[in-house]
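Fold and contact review
The lines below spell out each chain.
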Amino acid sequence: MGVNGVTEAELVRRVAHGDRAAFDELYRRTAPWLAVRLRRRCADDEVVADVLQETYLAVWRAAGSYAGSVTEGSAVGWLWTIAANRLVDAFRRRARQERVPSFPLVPTTAPAAEDEVMATRVDQDLEQALLRLPPELRQVLQAMVLDGLSVRQTSVLLGMPEGTVKTRARRARIALREALS
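We now turn to the structure provided with this report. (Residues numbered from 1 in each chain as written. Predicted model: local features only at pLDDT ≥ 70, side-chain atom pairs only at ≥ 80, totals over all residues. Heavy atoms only, no water.)

A count of helical and extended segments in the protein gives eight helices and zero strands. For the protein, the succession of helices and strands along the chain, N to C, is α-α-α-α-α-α-α-α. Put simply, the protein has 181 residues, and 30% of those count as buried. For the protein, the exposed area adds up to about 11,800 Å²; of that, 54% sits on carbon and sulfur atoms. (Helix = DSSP H or I, 4+ residues; strand = E, 2+ residues; numbered from the N terminus. Buried < 20%, exposed > 50% of the residue type's maximum accessible area, 1.4 Å probe, protein only. Areas by Shrake-Rupley, 256 points an atom, 1.4 Å probe, with all protein chains shown as cover.)

Written as structure tokens, this is what we have:
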């Protein structure tokens, strides 16, 4: 049986059974669209290429988890979720690599004692304000600000609608602003 005219969901089911032609067709149909979506979130073509490769490798390995799910969503949505998670992983890897300490090229001067006291005070105030936030607001703020995730990625990560993520992010920012003023 050919793969033309077959839905993406059926292609994923066939991939789960090791059908290479179905995998090739799924890739042909979805890779250009997926690359465009990834490029909207990441300007580095090398990272996008790596994420695409990791995504389709994961699809080949995990197609059975989609094909066997009772609550089948869109196969393309499932594919995007995999890609978005791989992109987040790539961003985290890059952030860890950038955090590796390097030697300063120019001699640094020690900050003034007043600056150190003020920085410590601001850090403590911010930390206390964050701790006073309700957990559901804090986890949205952490995902979006500290982890750098988009609303959609935060929605997928936390398993809540995008509107709820936006509302909680707004409430968290308002609460922090009030706590710090």
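The subject of this paragraph is the packing of helix 7 (residues 151-158) against helix 8 (residues 162-180). Helix 8 packs onto helix 7 with a crossing angle of 105° between their chain directions and a minimal axis gap of 9 Å. One finds that helix 7 runs roughly perpendicular with respect to helix 8. Between helix 7, through Val151, Arg152, Thr154 and Ser155, and helix 8, the contact on the second element is made entirely by Glu162, Val165 and Lys166. Considered class by class, the residues forming the contact of helix 7 with helix 8 number two nonpolar, two polar and three charged. (Axes fitted to C-alpha atoms, helices over the stretch in contact; angles between N-to-C directions. Parallel < 35°, antiparallel > 145°, perpendicular 65-115°, else oblique. Contact = heavy atoms within 4.5 Å. Nonpolar A, V, L, I, M, F, W, Y, C, P; charged D, E, K, R; others polar.)

Across soluble globular proteins, nonpolar side chains show a tendency to be buried alongside one another. Among the nonpolar cores identified, the biggest contains 31 residues, and Val12, Leu34, Leu38, Leu52, Tyr56 and Val59 are the most heavily contacted of them. Setting aside anything within four residues of it in sequence, one finds valine 12 in contact with Leu26, Ala63, Tyr66, Ala75 and Trp78. Counting residues in each nonpolar core, the second largest holds six residues, with Leu133, Leu141, Ala172 and Leu176 among its members. (Core = buried A, V, L, I, M, F, W, Y, C linked by side-chain atoms within 4.5 Å.)

Let us look at the environment of valine 151. By the element assignment, valine 151 lies in helix 7. Along the primary structure valine 151 and valine 140 are separated by 11 residues, whereas in three dimensions their C-alpha atoms are 9.1 Å apart. Ignoring any residue separated from it by four or fewer positions in sequence, one finds valine 151 in contact with Met144, Glu162, Val165 and Lys166.

Counted under the stated rule, the structure contains 10 salt bridges. Between glutamate 10 and arginine 14 there is a salt bridge; the shortest N-O distance is 3.4 Å. A residue pair is termed a helical-turn pair when its members lie 3 or 4 positions apart in one helix, as glutamate 10 and arginine 14 do in helix 1 (residues 8-16) at four residues. Take glutamate 10: its relative accessible area is 28%, and that puts it in the partly exposed class. Several salt bridges converge on common partners, so that one network encompasses Glu8, Glu25, Arg28 and Arg29. (Salt bridge = Lys/Arg side-chain N within 4 Å of Asp/Glu carboxyl O.)

Moving on, we get to the packing of aromatic side chains. For any pair of aromatic rings, geometry is given as the distance between the ring centres together with the angle between the planes. With the rule as written, the count across this model stands at three aromatic pairs. The interplanar angle of 85° and the centroid separation of 6.3 Å between the aromatic rings of phenylalanine 23 and tyrosine 56 together place this pair among those described as edge-to-face. Of this pair, phenylalanine 23 sits in helix 2 (residues 20-41) while tyrosine 56 sits in helix 3 (residues 45-67), and the two are 33 residues apart along the sequence. In terms of burial, phenylalanine 23 and tyrosine 56 fall into one category: buried. (Phe/Tyr/Trp six-rings, centres within 6.5 Å; stacked < 30°, edge-to-face > 60°.)

Okay, the side chain of glutamate 25 next. Structurally, glutamate 25 is set in helix 2. A relative accessible area of 7% places glutamate 25 in the buried class. There is a polar contact of 2.9 Å between the side chain of glutamate 25 and the side chain of arginine 29. (Polar contact = N/O pair within 3.5 Å; in protein donor to acceptor, adjacent residues only side chain to side chain.)

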